[in-house]
Structure formats: structure tokens, C-alpha cells
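A closer look at the structure
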Amino acid sequence: MADLHIDFAGIKSKNPFWLASGPPTNTGYQVQRAFDAGWGGAVWKTLGDPVINVTSRFSGLNYGGQRVAGFNNIELITDRPLEVNLREIRETKRAYPDHAIIASLMVEPKQEKWHEIVKRVEDVGVDGLELNFGCPHGMAERGMGSASGQVPELVEKQTYWTKEAAETPVIVKLTPNITDITATAYAAAQGGADAISMINTINSLMGVDLDTWNTIPNVAGKGTHGGYCGPAVKPIALSMVAECATQPDIPVPISGIGGIENWQDAAEFMLMGASSVQVCTAAMHHGFRIVEDMIDGLNNYLDEKGLASVSDLVGRSVSKYKKWGDLDLNHKVVARINQDYCIHCNKCHIACEDAAHQCIEFYTESDGTRALKVREQDCVGCNLCSIVCPAEGAIDMIDQPSDVSMTWNERQRLISTFGG
Amino acid sequence: MDSAATNAWKIFDEVKPDMKPKEVMEEANRCLFCFDAPCMKACPTHIDVPLFIKKITTGNMKGSARIIMEANPVAATCARVCPTEELCEGACVLNDASLPIMIGDLQRHTMNWAMKNNPQLFEAGEQNGKRVAVIGAGPAGLSSARELARYGYQVTVFEKQAEAGGLDTYGIVPFRLPKHVALWEVEQIKKLGVSIQTNTEVGKDVSIQAVLDGFDAVILAIGMAHVPPLGIPGEELDGVFDAIQLIERVKSGHVTDRFSGKKAVVIGAGNTAIDAATCLKRLGAARVQIVYRRSEKEMTAYPFEYRFAKEEGIEFRWQTQPKRIEGDENGNVTSVVCAPIMLGEKDASGRRRPIEIDNAPFPMNTDVVVKAIGQMRDVPLIEAFDLAHDHGVVAVDPLTYQTSNPKVYAAGDVIFGNGKGEAMVVAAAEQGKKTAQAIHEQLLSKI
């Protein structure tokens with residue numbers, strides 16, 4: 001059994017799985033149920049001046065008959081009085097001293113507002129603070145959430161104000177609704193953040209109802225943009241984590257958030273530099289009990305890889321994440337069809353024919369059956385055939401022996417040397 | 001109708017329920033949408049299976065129904081009676097990877113939608129002034145009529161029965177194929193302006209000459225006739241029935257209690273034998289045995305039909321040859337005396353030849369004997385048309401479906417036989433389509 005304990009910027013947790021700030025962490029009742037189920041920590045639903053929420057609030061993106069490939073919400077921060085939340089945090093922390101409780105905070109961008117709320121939540125015994133500079137809907141119209149998080153100066157200044165008052169670690173949660181997330185990550189680090197977390201939700205409109213022509217979701221026939229999350233956003237979140245993890249001037253731990261719903265997703269974020277992960281949509285879809293397999297699966301995986309601690313996994317893939325200009329132009333792979341596994345759906349053929357490089361051809365075997373083969377000299381190794389192939393093992397991408405490595409950047413340098 | 005009668009009829013309700021909505025979406029989404037799909041090639045009518053299933057997933061049910069019926073005008077029937085495990089589902093690439101897509105059930109779902117919502121899927125073509133007569137309103141005749149109407153022909157179908165649909169209406173048990181399904185398909189064809197004249201027997205109510213003279217082309221789609229005699233003593237006894245007639249009676253709503261509590265023997269092991277046997281069971285027969293002179297391997301019933309019969313409690317007596325039927329003093333059947341059979345070398349049909357074991361006859365006590373040993377041919381009508389034939393199987397050009405009289409075409413069971421093809425509804429539908437195409441190509445030059 002590997003050791004799953006983490007120390008995230010000073011916040012200790014018995015495993016790296018935290019519930020992200022959101023509907024599942026709205027009350028003490030929920031957070032305590034989550035801790036009973038095995039979650040290592042929870043980021044309490046964002047505290048601030050209470051708001052009024054609307055109904056309805058959520059919507060799901062279905063794909064191919066599966067529910068919740070993506071998820072979107074127009075719910076705002078907590079709509080319960082601050083005193084009630086603080087009382088429940090105190091009770092929960094007292095009952096679960098070994099679990100991490102992090103308070104998510106969002107107030108107006110004023111120094112005294114930040115000082116005041118930090119003092120009040122630290123007073124009830126939280127293990128850390130997470131500054132919500134991310135929610136893209138509602139609060140942003142009031143100058144908070146992503147409206148703050150999209151302006152590096154505001155991120156830095158508010159982080160600084162928080163740090164002036166805070167005694168516990170401060171995590172800055174970043175919005176993905178920005179061209180370059182490293183700009184705000186850098187600002188947070190400059191402001192003194194102990195850690196960053198990403199991503200908050202992505203601006204989205206889930207859909208339009210084809211019968212009523214209403215937006216999805218709608219509130220009395222009207223709708224607005226909401227925050228997008230769930231499995232579909234994972235690649236976006238992962239790239240943003242990678243961007244920050246590879247920046248030497250963002251030298252703070254990262255808590256990974258975005259579409260994580262099992263130990264495999266979690267392990268990928270950790271390999272790419274996250275040292276804790278946060279989950280929301282998956283818990284909303286399936287309940288808190290999903291954490292059991294996250295813990296068990298991660299444990300088995302670490303054992304299989306011969307790693308004694310989950311911290312040994314963190315960042316192992318970061319050095320493999322590069323700029324495009326650092327990729328080897330001379331490297332070549334080609335597709336190869338394994339006839340033993342091919343089920344003859346011909347999806348690779350039509351995908352290559354219509355959308356790639358027209359190099360998967362029919363031929364007739366000696367026994368008269370029709371089969372497909374790759375004309376390897378024309379294959380560019382794009383992977384499309386192996387992506388659309390439904391039969392595991394039927395298409396392999398084979399590394400070809402190649403010349404000396406040559407990246408675009410190296411090539412440009414050479415040209416300028418010879419040219420100059 | 002009193003409750004007993006209602007219940008009696010209920011046992012003839014369609015056995016298989018429609019798929020549940022979630023089941024439909026899960027199954028439809030499982031389809032890989034293969035390119036150049038083997039299911040489509042395996043279907044005799046070449047329904048674009050991946051496309052009709054894709055349309056189910058997008059909620060485009062009208063489009064799904066159009067894709068299916070474009071290829072097969074009797075697709076609601078075929079979705080119920082096709083041996084899908086030998087055709088589309090047997091060819092599904094997922095057979096090797098997991099489980100084949102339930103194509104037949106999905107097709108049935110789409111066709112059920114179509115029957116309920118009745119969209120106008122097709123239009124008659126612009127009238128081209130040519131007239132075609134179709135003799136027989138079974139699947140082959142209806143299919144050719146539908147296609148010809150879409151090409152712009154004025155089509156008249158002559159049907160001797162009171163209702164159109166042929167075997168689909170009269171010859172397949174209602175709990176597998178309710179009559180309303182076949183009649184709905186007939187309605188779709190009528191909507192295209194096809195005139196279907198029922199209770200009209202060509203050669204009797206309408207003269208053959210009138211048909212030959214009054215139309216630019218004639219399609220003979222008369223199918224087959226009743227079950228031939230067994231050629232054994234006792235066939236005239238009370239209690240001996242023809243399977244086709246028995247099913248026809250039930251299909252027409254005549255529920256009788258005369259089989260209630262009786263023992264029955266069905267002779268033969270084809271599709272009709274299964275239908276007759278399961279039908280008798282539902283009519284209350286206490287014990288129903290199928291006797292067949294060859295073995296399980298040679299029977300022509302499909303595996304799904306065999307499974308169904310066994311589920312219904314039908315017993316099978318293989319390698320058993322009826323020798324004579326015995327009766328009591330009142331002329332009622334009391335037993336069938338049978339001889340055991342051993343199977344010898346393969347004969348011309350590729351099946352092992354049955355050889356009777358002498359001196360070992362045994363009686364099977366029974367009240368009812370149902371003959372289901374194939375169907376006869378309407379040779380007199382074929383000869384009245386002066387068409388070349390081989391034992392009632394009309395000779396046609398395999399490409400144009402033209403008979404020895406170039407003006408007369410033939411499709412469906414009337415050309416089935418002598419070891420060629422299978423007498424399936426779906427095959428008849430395809431032949432009807434092809435005949436229509438051939439006629440159109442022949443007459444096009446004259447339009």
C-alpha cells in the first residue's frame with residue numbers, strides 16, 4: 001500500500017482527493033458525509049455576501065446516449081448566511097480534525113473586505129483559503145469572480161491583501177476564461193499565493209431547446225451563460241495545469257481541477273504537476289462514494305509502478321510537455337492494421353479517405369475475403385484511424401527508425417547559421 | 001365481446017413487445033456506423049442499416065422509416081419475420097467483438113413509430129401513361145406495385161382473397177405478425193394510387209386475355225397454394241388439417257375451441273409447421289408434437305423459430321415418417337402410425353436421404369393431424385398464361401424476371417424452388433423491386 005498523504009503548501013490531507021468548491025460542499029451535512037465516504041479534504045462552497053440564487057440552475061451535455069459528458073451551472077456562491085456556514089465549518093472541523101477544510105472566498109476587490117472575511121473564517125479553524133477569482137457567471141457582473149481573475153493586477157493585489165491578513169495557506173483559484181492562464185498564475189505567485197488551483201468553469205451556453213426555443217437551462221424562459229465543467233473540460237484543464245507547471249517563475253504547488261472523475265484522471269493531473277486534485281461534477285453525477293475507487297485505484301496503480309508515495313508521482317510528465325517548436329520533425333510513426341483483431345467495420349478506411357491522407361486500402365486476401373491495409377509510404381502517422389477504430393488492438397501506431405532528431409527551433413537556428 | 005372471447009383472442013397478441021425507449025437509444029448508440037456495412041450487404045433488400053439506426057439516435061424517426069421503407073416496402077413485416085441472425089445481425093461486425101446490434105428490433109421500433117404516426121414517406125411519380133397489372137397482393141406483388149407507382153405507372157393489383165397482403169396477412173401466425181401490420185403496408189401502397197382489387201381471381205373474375213391485352217406489362221406474383229396431400233391412407237379422416245388453412249382461419253379471427261385439450265401431431269418442420277404447432281398450443285391443445293422425417297440439422301425452420309417453439313412447449317420427434325392415419329368408427333382421427341428413419345447419403349438437395357427402417361412402425365395417439373409439408377403450385381393458372389415452368393416453378397430471366405412471355409414477369413414464391421434461394425418475405429420484396437426496375441427499363445424506351 002502506497003502512502004497517499006499529501007502536504008499541499010502546508011495543508012495536510014490523508015489523500016489527494018478534495019471536493020472542489022461547489023454544490024456538494026454547500027453544508028456541513030454534505031461535507032461530513034463526504035469525509036465519511038473517504039474524501040481527504042473539501043473546499044467549502046464560496047463564502048461572501050449571501051446572494052439570491054435562481055431556479056433552475058444546472059444542465060447536462062449528453063453524448064451518444066451517455067449522461068453528463070459535460071455540465072453547466074448558473075448557480076452563484078453560497079446563498080446561506082455567513083454565520084451559518086462558519087458555525088457548520090467549526091462543527092465539521094471539530095468532528096473531523098484529520099480532514100482538510102479549505103474555505104473558498106469571494107468578496108469585492110477591496111482590501112478591508114478581504115481582511116475581514118479572512119479573519120472570520122480562520123477564526124473557525126479552516127486549514128487554508130482558496131480565493132475564487134474564477135466563476136464566470138453572475139458574480140462577474142458585480143466585479144467579482146472571473147472579472148477579477150481576468151486582470152492580472154487585480155489578482156496580484158487581492159492575493160496580496162489576503163496574505164496580509166491570512167495565517168493559513170492561500171490558494172488562488174484561476175479562471176480559464178483568459179487567453180494565457182500563466183499571466184494570472186504568475187500574478188498570483190507575485191502577490192504571495194502559497195498555491196494555485198485550476199481550472200474554474202468555462203463560459204458556456206449548454207443548448208437551445210428545439211421545441212420551446214428556450215436556452216438550456218432557463219429561468220422563466222430566459223437564460224444566461226454559465227460555467228462549463230465535467231469530463232469534457234478535462235483536456236483544457238490539463239493543458240492549463242501543464243502550462244503553469246512548466247513555468248519556472250510560477251514556483252507554487254498546483255491543485256488540479258476540471259473533469260476529474262476517477263483515479264486515472266487524477267493520476268494524469270498529478271503526473272502533469274498537480275499535487276492535489278479537486279472533484280465536483282463527478283460527485284454531483286454519482287455521489288460521494290466514487291472516492292472509494294479513486295483511493296483504491298490510485299493505490300494499486302502506485303504499487304504497480306513501484307512508487308511508495310503519491311508525491312513520487314507528482315510532476316513526472318512535466319518535462320515531456322514542450323512547445324511545438326521543440327518537437328522532433330524527423331520522427332515518424334505509421335499505422336498498421338492487425339488482421340487478427342480487425343472486425344472489418346471499415347471506419348479507419350472512410351476516416352482516412354475522407355478526412356486524412358487516403359492511404360488505407362481494400363485488398364482481397366488469398367481466401368477471397370476483403371481486408372484493409374495501410375499504404376505506409378503515404379501514412380503521415382496522424383492517429384486518426386486508430387482513434388476511430390472500435391476494436392482494441394486492431395490498429396497500432398508503429399515507430400519508424402528515423403534520422404537524427406531535428407526540431408523546428410533547431411532547424412531555424414541552423415538555417416540562420418548557414419544563411420547568416 | 002365477452003371476457004372469455006377477449007381472453008381467447010389475447011393469446012394471439014404479438015408476443016414480442018416493442019423495445020423500451022432507453023433500450024432503443026442504448027442499442028442504437030452502440031451501432032458503429034460501419035462504412036460499406038456488412039449488415040446492409042447481408043439484407044436481401046439492402047436496407048442502409050447504419051443510416052436508419054443513426055437517424056434513431058438523432059430523433060429523426062421519419063427519416064429512419066424512410067430509409068428502411070425505401071429499400072423494403074414490407075419492412076414492418078420483415079422486422080418481425082426475417083431470420084435476422086442469418087442476415088443482417090449475422091453479418092454485424094460486433095459478432096466478433098461483443099454482441100451484434102439488435103437490428104431487427106430497432107427496425108421494428110422504427111416501423112412501429114411509422115405505423116403509429118403515419119407520415120407520408122413516398123409520393124407517386126408523375127404519370128407516364130403506362131399500365132401494369134400485378135397478380136397477387138403478397139409481398140412480391142406489393143413491392144413491385146409500390147416501386148412502379150413511384151416510377152409513374154398506373155398499377156392494378158388483382159387479389160383473390162378478401163384482403164391484400166398475401167402470406168403476410170393470412171399465412172403467418174398473429175402472435176408473430178399481427179394482421180394489422182401487413183394491412184398497414186398495403187395502405188401505404190394504396191396511398192400512392194395503386195388500385196388493389198380484392199376478391200378478384202384472375203382466370204375467373206377477370207380473364208387472362210383481358211389482363212394480357214389491357215396492360216403494358218403483367219407481373220405474376222401468385223405465390224404458392226395449399227399443402228399437398230401426404231399420400232398416405234387416412235388423410236380424409238375428420239381431424240386432418242392443412243396448416244396454411246388453419247393459420248388462415250386463425251388470422252381471420254376464427255378462434256375455435258375444437259383443439260382445446262386435444263393431442264396434435266404436426267407433420268413437417270418448416271416455418272409453417274412451427275406456426276401451426278404454436279398456434280395449436282395457443283388454441284388449447286394439450287400436447288403438440290412435430291414429426292419430421294429428417295433431423296434437427298435438416299429442418300428448414302430457422303433457429304429462432306425452433307427456439308420459440310420449444311419455449312412454447314412443442315415437442316419434436318425427429319427421423320419419424322408418418323405411414324398412415326387411423327380413425328375410429330365415426331371417422332375421427334385416433335392415431336398416426338409412423339416408421340422410424342435413418343439418414344443415408346446426401347441427396348441432390350444436399351440433405352441426407354431418409355431411409356425407412358422396416359418392420360418397426362409405431363402408433364402415436366392423436367386427435368389432430370396437421371399437414372405442413374410444403375406448398376403446392378398453381379400450375380393451371382401458370383399454364384393458362386402459357387408460361388414455361390418446372391413443376392410449377394415459373395422460369396424467369398434472373399436479371400429481368402421476364403418469363404417465357406416477354407410481357408409477363410414473375411416474382412416471389414412463384415419462382416422460388418428447385419434449390420434456388422429461400423422463400424423469405426424479404427426475398428420476395430427484393431424480387432418485386434427488381435421486377436419493377438426491369439419493367440421500367442424495358443418500357444422506358446417506349447415512354
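Residues numbered from 1 in each chain as written. Chains lettered and ligands numbered in written order. Predicted model: local features only at pLDDT ≥ 70, side-chain atom pairs only at ≥ 80, totals over all residues. Heavy atoms only, no water.

Naming follows an unreviewed UniProt entry, where chain B appears as Oxidoreductase of Sporolactobacillus terrae.

You'll find chain A entered in an unreviewed UniProt entry as Dihydrothymine dehydrogenase, with Sporolactobacillus terrae given as the organism. The heading Function (unreviewed entry) in the UniProt record of chain A holds the text "Involved in pyrimidine base degradation. Catalyzes physiologically the reduction of uracil to 5,6-dihydrouracil (DHU) by using NADH as a specific cosubstrate. It also catalyzes the reverse reaction and the reduction of thymine to 5,6-dihydrothymine (DHT)." We quote the UniProt Cofactor (unreviewed entry) comment for chain A here in full: "FMN". (UniProt positions renumbered as here; feature names shortened; annotations may be inferred.)

This part takes up the overall build of chain A. A tally of helices and strands in chain A yields 13 helices and 20 strands. Taken over C-alpha atoms, the radius of gyration comes to 24 Å for chain A, in line with the 22 Å a tight globule of 420 residues would show. Over its C-alpha atoms, taken along the principal directions, chain A stretches across nearly 80 × 60 × 45 Å. For chain A, with 420 residues in total, the buried portion stands at 50%. For chain A, the proportion of contacts with a sequence separation of at least 24, taken over those separated by at least 6, is 71%. For chain A, the accessible surface area stands at approximately 19,600 Å², while carbon and sulfur atoms represent 51% of it. (Helix = DSSP H or I, 4+ residues; strand = E, 2+ residues; numbered from the N terminus. Rg over C-alpha atoms; globule rule 2.2 N^0.38 Å. Buried < 20%, exposed > 50% of the residue type's maximum accessible area, 1.4 Å probe, protein only. Contact = heavy atoms within 4.5 Å. Areas by Shrake-Rupley, 256 points an atom, 1.4 Å probe, with all protein chains shown as cover.)

What follows deals with the sheet that holds strand E6 (residues 66-73) of chain A. Residue and element names in this part refer to chain A. Reading across the sheet, the four strands line up as E5-E6-E14-E11 and stay open at both edges, with antiparallel pairing between neighbours. In this open sheet, the two strands that pair with only one neighbour each are strand E5 (58-63) and strand E11 (202-204). Mean inter-strand twist for the sheet, computed between neighbouring axes without regard to direction, equals 45°. Bridge count between E11 and strand E14 (residues 226-229): three bridges; the pairing is antiparallel. Paired with Ser204 across the two strands is Gly226, which belongs to E14. (Pairing = 2+ DSSP bridges. Axes fitted to C-alpha atoms, helices over the stretch in contact; angles between N-to-C directions.)

Right, let's talk about the environment of Leu142 of chain B for a bit. Residues and elements named next belong to chain B. With respect to the helices and strands, Leu142 occurs in helix H10 (residues 139-151). Taking the C-alpha atoms as reference, Leu142 lies 34 Å from Leu94; in sequence the two are 48 residues apart. Filtering out sequence-adjacent residues up to four positions away, Leu142 remains in contact with Ala137, Gly165, Val186, Ile189 and Ile196.

In this section: the interface of chain B and chain A. Contact residues are listed per partner, giving twelve residues for chain B and twelve residues for chain A. Joining chain B to chain A, the criterion identifies one salt bridge. One salt bridge connects Arg370 of chain A with Asp36 of chain B, and the closest N-O pair in it is separated by 2.3 Å. Elements that contribute at least two residues to the side of chain B that touches chain A include exactly helix H3 (38-42) and helix H8 (94-97) of chain B. Of the residues forming the side of chain B that touches chain A, the biggest block, three residues, is contributed by H8 of chain B. Of the residues in the side of chain B that touches chain A, the class split is eight nonpolar, one polar and three charged. (Salt bridge = Lys/Arg side-chain N within 4 Å of Asp/Glu carboxyl O. Nonpolar A, V, L, I, M, F, W, Y, C, P; charged D, E, K, R; others polar.)

All names here are of chain B. The contact between helix H5 (residues 61-71) and helix H9 (residues 103-117) brings their axes to 9 Å, and the two run at 110°. Regarding the angle of H5 to H9, the classification is roughly perpendicular. In terms of crossing hand, the pair formed by H5 and H9 is left-handed. Across the interface between the two elements, Met61, Lys62, Ser64, Ala65, Ile68 and Met69 from H5 touch Gln107, His109, Thr110, Met111, Trp113 and Ala114 from H9. Its residues placed into classes, the contact of H5 with H9 shows seven nonpolar, four polar and one charged. (Parallel < 35°, antiparallel > 145°, perpendicular 65-115°, else oblique. Left-handed = near helix turned anticlockwise from the far one by under 90°.)

Residues and elements named next belong to chain B. As summarised here, the arrangement of the five strands in space is E3-E2-E1-E4-E16, forming an open sheet in which the pairing is parallel. Edge strands, defined here as strands with exactly one partner in the open sheet, are strand E3 (195-197) and strand E16 (408-410). Neighbour to neighbour, the strand axes of the sheet diverge by 20° on average, direction disregarded. Both strand E2 (residues 154-158) and E3 contribute to a ladder of three bridges, which runs parallel. Bridge assignment links Thr156 to a residue of E3, and that residue is Ser195. Contacting strand E1 (131-135), E2, E3 and strand E4 (217-220), H10 crosses the sheet at an angle of about 165° to E2. Seen against the sheet, helix H18 (residues 425-444) touches E1, E4 and E16 and runs at an angle of roughly 160° to E16.

Moving on: the side chain of Asn73 of chain A. Residue and element names in this part refer to chain A. Here Asn73 is to be found in strand E6. For Asn73, the side chain forms a polar contact with the main-chain nitrogen of Glu75, separated by 2.9 Å. Residues contacting Asn73, with those up to four places away along its chain left out, are Arg57, Phe58, His137, Thr201, Gly226 and Gly227. (Polar contact = N/O pair within 3.5 Å; in protein donor to acceptor, adjacent residues only side chain to side chain.)

Under the present numbering, the feature "domain: Dihydroprymidine dehydrogenase" (unreviewed entry) in UniProt falls on residues 11-118 of chain B. Within residues 11-118 of chain B, the helical portion is 60% and the strand portion 0%, while the C-alpha atoms at the span's ends are 27 Å from each other.

This next bit is on the domain arrangement of chain B. Residues and elements named next belong to chain B. Here chain B is described as being made up of domain 1 (10-117), domain 2 (131-225 + 377-444) and domain 3 (240-371). At the junction of the two partners, domain 2 supplies 15 residues and domain 3 supplies 13 residues. Carbon and sulfur atoms supply 56% of the area that domain 2 and domain 3 bury against each other, a total of about 1,200 Å² over both sides. When residues of domain 2 are sorted by the area they lose upon contact with domain 3, Tyr170, Phe175 and Arg176 head the list and together hold 46% of the total. (Domains from an automatic or database assignment. Buried area = accessible area lost by both parts, 1.4 Å probe.)

Here we take up unusual backbone geometry. All names here are of chain A. Looking along the chain, the bond that leaves Met198 and enters Ile199 is cis, with omega of 10°. Relative to the elements of secondary structure, Ile199 occurs in the loop between strand E10 (195-198) and E11. The linkage connecting Ile216 with the following residue, Pro217, adopts the cis geometry, with an omega of -10°. Looking at the element boundaries, Pro217 is found in the loop between strand E13 (215-216) and E14.

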